[in-house]
Amino acid sequence: MYLKSKVLTNEIEKKINNLLDKMTLEEKIGQLHQVGPSPVGAFDIPEAELKKMLETGRITQEEYELSKTDKILDKNEDKIRNGEIGSFLGLSDPKRINRLQRIAVEESRMGIPLLIGCDVIHGFNTVFPTPIAESCSFDDELFEQTASVAAKEARAAGINWVFAPMLDISRDARWGRIAESMGQDPFLAGNYAERKVRGFQGDDLSDNSKIAACAKHFLAYGACEGGKDYNTVDMSLSKLYDVYLPPFKRAVEAGIASIMTSFNDINGVPMTANKLLIKNVLHDELGFDGVVVSDATAVRELTVHGYSKDKYAAARDALCAGVDIDMNSYTYFDCLKELVEKGEVQIDNINEAVKSILRLKFALGLFDNPYCDFKKLNEVSCTNEHLALAKKAALHSTVLLKNNGVLPINKEKHKNISLIGELSDSISESYGCWTIYAKDEHTVTLKDALCKEGVQYTRCYGVKDELNEDEFKTATENADLIIAVLGESRHMSGEAHSYADISLPESQKSVVKRLKELGKPFICVLYNGRPLCVPEVDQSADAIVEAWQLGTKMGEALADIIFGRFNPCGKLTSNFPYKSGECPSYYNHPNTGRPAATDSDHWTCKYDDGRIKPIYSFGHGLSYTTFEYSELQIEKAESYLNVSVKITNSGNYDGYEVAQLYIHDKFASKVRPVRELKGYKKLYLRQGENKVVNFILPYSDLGFHNDKLEYVIEKGDFEIFVGTDSECELKSEFTL
Ligand code: GLC
């Protein structure tokens, strides 16, 4: 859709066919071959990890040596000259990118420019909150704005393709990549998807402040069994269509330029070779007409899955399933020529993939303007406007989980405030995963921001080391209020960081215990990539601020919130379970035949050693003020329900509120979730002010997929809930 309608003309199609007619088979295969600056993808590999990869044969001795330098790219320059590489991943140095582009455009026979892909997940030089954090803003406009800034900065560096947005619905907080997701709700995820595509791509990919986006990871990677990264996924197709497909559908409708397949198998078929879901569903049903790229080395991993018997079968299986680009596994590069010559792969399959790739390169304007003007990067990088947006994003992504009134801090009342915890003193810990390109000079830590306001900082403890008793005594003996930063390091979430236990490290639990014994008021600020199980903090702290990893402006934003210069308004997009064993934990679950009403109910759907409710549910987030909901009214129209509710700011602070609308389909041919988010409105109310908020709920939003994968809207009784979180009680009913 993005290609056929906006950019591609018959003129360009002719150019593509002319190129194709002139290209050799090797040059065609080269377009399908993507390499990275290291044999294993786009990120720095710790020395120990590199050694392990060498020992297990994942990389050669030469690659091992080269991985520790940036020389590996020189190994590829001849390949570019020979037309054997069509795209790179993981480059961010504009000078190096221009050098490689120049070789491709001016020294290779066909002169086809390179796609330069990069993981710009939540900002480039200006770092925004991690996606899980930003999703808590429930701010569609913000979703688009941050993507737009990331596109501008990344494109100026010569990157023309981002491997974002990540659209994996994530219900299991043990999975480290929940940090990269927009949480557990398909409705919010759909809006997020649309806005991210618009922000990254705009209306014209040849605009050098826009960039090709890549919706990932297709499909259901977030449903990996046990929350264990890369693990198998097994579910009904109707659930796939109801929960995991919607954000991708919205991304395709928004004109996404590319899709990345996921590492996992679904029901035994690896996504990298899943013809049913790639060809039949993504292309034919959803109408996707862009480029499909595998995940890193995933084509070769088809043999490891036990799906393809060897690398030749892997190349054939992936290409015939519809994977156009082989990311960094060298399988297409090694095998396709021989497979075509043996007649085991049709040249048409290769031609179709090459045409998709060339269309994207034309759409990006690369044939006319392949080089970046890296002087421009300094002009657009970390401008005051971008930094102001980073601050706004950090403010709106922060969630106030608990507050007994100690926040915002009254400096008249609390003269000796102490800050403890090493996480508060780290620039890099403000960023979270996938932030290789951050510019630190604009980042202020929480410690620096608070110390400017007279707060005393003492380290006392790190993420996993024991409390330093002397420092703790110094920090707390004269303090009348303590701010304790707890949580995870940035390396404990993100890819390949699944945890079976998502409670705080034991050393931090003992810090909480000591603070409770101290008997002085304390505020907990959480730095974390995933939802954590923090019952001991919930029981002991006077206030809890969920700060996630908020990016460049984390420190300043938190200081504004803590001292009341900004009234927090974030709402959780994932449950915070009471115990790790309760994962997956999600609000939109079926009722079952035996729902538990209390923790002590027997013969019901619950854990004897758990809680029936999470500590904090989807949609939860407090404010310094209070909002009251009243006068809920519904009115049936021809094709939609008109829902109105009065919201009053009944407290003492002006502030934002995210009003949420949920439905419950009481009886249907398939049991339906007890709640489903179907609308949200973010509004600003001054203290004492009230507004009537309207939701339009199309009846077409009330359906689900049956076993034949038909989307059905069944008549029957529905409940409508409107309120401040997914446990809101204000309700009405109607019959469709
Ligand atoms: C990684 C990730 C994917 C990323 C790619 C390139 O393994 O799964 O999200 O875009 O490799 O870095």
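Just so it is clear, the model here is predicted, and its values are computed rather than measured.

Visitor: Sorry if this is basic, but what is going on with the overall build of the protein here?
Guide: Each helix and strand in the protein was counted, giving 24 helices and 25 strands. Scaling as 2.2 N^0.38, a compact globule of 736 residues should have a C-alpha radius of gyration of about 27 Å, and the protein matches this with 26 Å. Out of the 736 residues in the protein, the part that is buried amounts to 62%. Considering only contacts in the protein between residues 6 or more positions apart, those separated by 24 or more positions represent 77%. As displayed, the protein has an accessible area near 27300 Å², and 48% of this comes from carbon and sulfur atoms.

Visitor: Before we go on, may I ask you to explain the packing of helix 9 (residues 140-156) against helix 19 (residues 384-397) in this structure?
Guide: The packing of two helices is summarised by the inter-axis angle and the distance between the axes. At a closest axis distance of 11 Å, the pairing of helix 9 and helix 19 adopts a crossing angle of 145 degrees. Seen from above, helix 9 lies across helix 19 with left-handed handedness. Contacts between helix 9 and helix 19 involve L142, Q145, T146, V149, K152 and E153 on the former and, on the latter, H386, L389, K392, A393 and H396. Residue composition of the contact of helix 9 with helix 19, grouped by class: four nonpolar, four polar and three charged.

Visitor: Would you explain the site of the ligand in this entry?
Guide: The ligand sits among 14 residues. The nearest are D119, R177, K216, H217 and D295. Burial of the ligand by the surrounding chains reaches 99%, relative to a free accessible area of 310 Å². Of the residues that constitute the shell around the ligand, the class distribution is eight nonpolar, one polar and five charged.

Visitor: Quick question: what am I supposed to make of helix 2 (residues 10-22) here?
Guide: Since there are 3.6 residues in each turn of an α-helix, residues three or four apart along the chain are aligned in direction. Given a rise of 1.5 Å per residue, 13 residues ought to cover 18 Å, and the 19 Å separating the end C-alpha atoms of helix 2 matches this to within 8%. Regarding helix 2, the residues found buried are I12, I16, L19 and L20. Taken end-on, helix 2 shows its buried residues confined to a sector of 100 degrees, consistent with a single buried face. Summarising the geometry of helix 2, the exposed residues directed more than 90 degrees from the buried face are N10, K14, D21 and K22.

Visitor: Can you walk me through the pattern of salt bridges in this structure?
Guide: When charged atoms on two side chains of opposite charge get close, those side chains can pair. On inspection of all chains with the given rule, the structure shows 53 salt bridges. E11 serves as the salt-bridge partner of K14, at 4.0 Å between the closest nitrogen and oxygen. Taken together, the positions of K14 and E11, both in helix 2 and three residues apart, correspond to about one turn of that helix. Given the relative accessible area of 45%, E11 is considered partly exposed. Across the pair E13 and R359 runs a salt bridge, and its minimum N-O distance is 2.7 Å. Here R359 lies in helix 17 (residues 347-363) and E13 lies in helix 2, a separation of 346 residues in the sequence. Note on R359: relative accessible area 9%, which makes it buried.

Visitor: Please explain the pairing of strand 3 (residues 115-118) as it appears in this structure.
Guide: Each regular strand displays side chains that alternate between the two surfaces of the sheet. Along strand 3, one buried face is formed by L115 and G117 and the opposite face, lined by I116 and C118, is buried too. Where strand 2 (residues 87-89) and strand 3 come together, three bridges link them in parallel fashion. Looking at the pairing, L89 lines up with G117 of strand 3. On the question of chirality, the crossover connecting strand 2 to the parallel strand 3 by way of helix 7 (residues 94-107) is right-handed.

Visitor: Hey, could you run me through unusual backbone geometry in this one?
Guide: Most peptide bonds are trans, and most residues other than glycine sit at a negative phi. The step from A164 to P165 runs through a cis peptide bond, and the omega angle for that step is 10 degrees. Note on placement: P165 falls in the loop between strand 4 (161-162) and helix 10 (186-201). The step from L407 to P408 runs through a cis peptide bond, and the omega angle for that step is -10 degrees. Although it is not a glycine, N267 adopts a positive phi angle of roughly 50 degrees. Assignment of secondary structure puts N267 in the loop between strand 7 (265-266) and strand 8 (269-270).

Visitor: When you look at the domain arrangement of the protein in this model, what are you seeing that I'm missing?
Guide: It is common to give the size of an interface as the accessible area lost on bringing the parts into contact. Looking at the assigned domains, one finds that the protein contains domain 1 (6-377), domain 2 (391-567) and domain 3 (627-735). One C-alpha centre belongs to domain 1, the other to domain 3, and the line joining them spans 37 Å. Listed as interface residues are 12 residues of domain 1 and, on the opposing side, 14 residues of domain 3. Together, F138, F187 and D242 form the three largest contributors to the area buried by domain 1 at its contact with domain 3, with a combined 51%. Taken together, the connections running from domain 1 to domain 3 amount to one salt bridge. One salt bridge in this structure joins K682 and D139, with 3.8 Å as the shortest N-O distance. Contributing elements (two or more residues each) for the side of domain 1 that touches domain 3: helix 10 and helix 11 (237-244).

What counts, and where the lines are drawn
- Residues numbered from 1 in each chain as written.
- Predicted model: local features only at pLDDT ≥ 70, side-chain atom pairs only at ≥ 80, totals over all residues.
- Heavy atoms only, no water.
- Helix = DSSP H or I, 4+ residues; strand = E, 2+ residues; numbered from the N terminus.
- Rg over C-alpha atoms; globule rule 2.2 N^0.38 Å.
- Buried < 20%, exposed > 50% of the residue type's maximum accessible area, 1.4 Å probe, protein only.
- Contact = heavy atoms within 4.5 Å.
- Areas by Shrake-Rupley, 256 points an atom, 1.4 Å probe, with all protein chains shown as cover.
- Axes fitted to C-alpha atoms, helices over the stretch in contact; angles between N-to-C directions.
- Left-handed = near helix turned anticlockwise from the far one by under 90°.
- Nonpolar A, V, L, I, M, F, W, Y, C, P; charged D, E, K, R; others polar.
- Near = heavy atom within 4 Å.
- Expected span 1.5 Å × (residues − 1).
- Arc of directions from axis to C-beta.
- Salt bridge = Lys/Arg side-chain N within 4 Å of Asp/Glu carboxyl O.
- Pairing = 2+ DSSP bridges.
- Right-handed = clockwise from strand over helix to strand, strands pointing away.
- Domains from an automatic or database assignment.
- Buried area = accessible area lost by both parts, 1.4 Å probe.

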